[in-house]
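Letter by letter, the chains look like this.
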Amino acid sequence: MNMQDFIGSSQLFKQYKVDELLFAEFECPPDQFPANSWWHHNFFAFVLSGGTVMKTPRSEYNLKAGDCAFAKRGTILITNHSQEIFCELVVFVPDEFIRSVVRKYNLPLVPTDEAQPSDTIIQLVPDEVLVTYSHSLLAYFRQSTPPPASLLKLKFEELIVNILTNNNHMALRTYFSGLQSVTKPSI
């Protein structure tokens, strides 16, 4: 299942779209959790309740409420081991948007000779900045009217700037730095 298209085209989830960018509050009962899914853009996941296990060819990631992770575009197997409803805030963002934010704000990059290959999932330290960011997004989902598209786009930019200026997220900073030298899509 293409999770991104499923969420984006569904009326079941609260969501905001700006161009190819998508914020969504994804809720799923344990018995309806998809066993295998993929997406065509990267996404950030902020787990709000329940828990999930994300499996990649390299490793297994147990995420629970309060955890956050970045998933590169591609395929992973997801299974839900929680007996409660799984809920997460997902932020889908294409590579080109990340590149444009780096250029726009002239953000610091990790030298490519220091780059280490990373898994398709990068678990993030849920520091105060990321927790506050996810709470600020949730506030928009609780409003009766959607925020302006320009404000939502700034929220996407804020997330990228926060990651690239925080040494707690070195693996993701390295991945974002590597995106700057890639001009053709990965096959």
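This report concerns the structure included in the present document. Residue positions are given per chain, counting from 1 as you read along its sequence in written order. Only residues with pLDDT of at least 70 are given local features in this predicted model, and only at 80 or more are side-chain atom pairs given and counted; all residues enter the totals for whole chains, interfaces and linings. Side-chain calculation: all heavy atoms of the structure are included, whereas hydrogens and water are not.

Time to look at the overall build of the protein. What the protein contains, in helices and strands, is five helices and ten strands. In what follows, a contact means two residues having at least one pair of non-hydrogen atoms within 4.5 Å. Relative to all contacts within the protein whose residues are 6 or more apart in sequence, the contacts with residues 24 or more apart total 77%. With an accessible surface of roughly 9,500 Å², the protein has 55% of that area assigned to carbon and sulfur atoms. Helix and strand definitions follow DSSP, with helices as H or I runs of at least four residues and strands as E runs of at least two, each counted in order from the N terminus. Each accessible area is a Shrake-Rupley estimate made with a 1.4 Å probe; only the visible protein chains count as cover when residues are assessed.

Further remarks concern the side chain of N2. Mapped onto the elements of the fold, N2 is located in the segment before α1 (3-9). Residue N2 is classed as buried on the basis of its relative accessible area, which comes to 13%. In protein, a polar contact requires one atom able to donate a hydrogen and another able to accept it; more generally it is a pair of N or O atoms within 3.5 Å, and residues adjacent in sequence count only if both atoms are side-chain atoms. Here the side chain of N2 touches D5 through a polar contact of 3.0 Å, landing on its backbone nitrogen. The residues contacting N2, other than those within four sequence positions of it, are W38, W39 and H40. Whether a residue is buried, partly exposed or exposed follows from its accessible area with a 1.4 Å probe, protein chains only, as a fraction of its type maximum: under 20%, in between, or over 50%, in that order.

Once that is clear, we can look at helix α4 (residues 149-164). For α4, built from 16 residues, the straight-helix expectation of 22 Å at 1.5 Å per residue is met to within 8% by its first-to-last C-alpha distance of 23 Å. The complete set of buried residues in α4 reads L152, K155, F156, E157, L159, I160, I163 and L164. Multiply 1.5 Å by the residue count of a helix minus one, and that product is the helix's expected span.

Counting buried positions along helix α5 (residues 170-179) gives seven out of ten residues, so the element sits mostly inside the fold. Within α5 the residues assigned to the buried category are L172, R173, T174, Y175, F176, S177 and L179. Those residues of α5 that are buried are in contact with β4 (42-49), β7 (68-71), α2 (95-105), β10 (121-124) and α4.

This part takes up the packing of aromatic side chains. Put simply, two rings from Phe, Tyr or Trp (the six-membered ring, in Trp's case) pair if the centres are within 6.5 Å, and we call them stacked under 30 degrees between planes, edge-to-face over 60, tilted for the rest. One pass over the structure, following the stated rule, counts twelve aromatic pairs. Between the aromatic rings of Y16 and F141, the centroid separation amounts to 5.1 Å while the plane-to-plane angle is 35°, which identifies the pairing as tilted. With Y16 in strand β1 (residues 14-18) and F141 in helix α3 (residues 128-141), this pair connects stretches of sequence that are 125 residues apart. In terms of burial, Y16 and F141 fall into one category: buried. Among the aromatic residues, those joined into a cluster by ring pairs are F44, F70, Y175 and F176.

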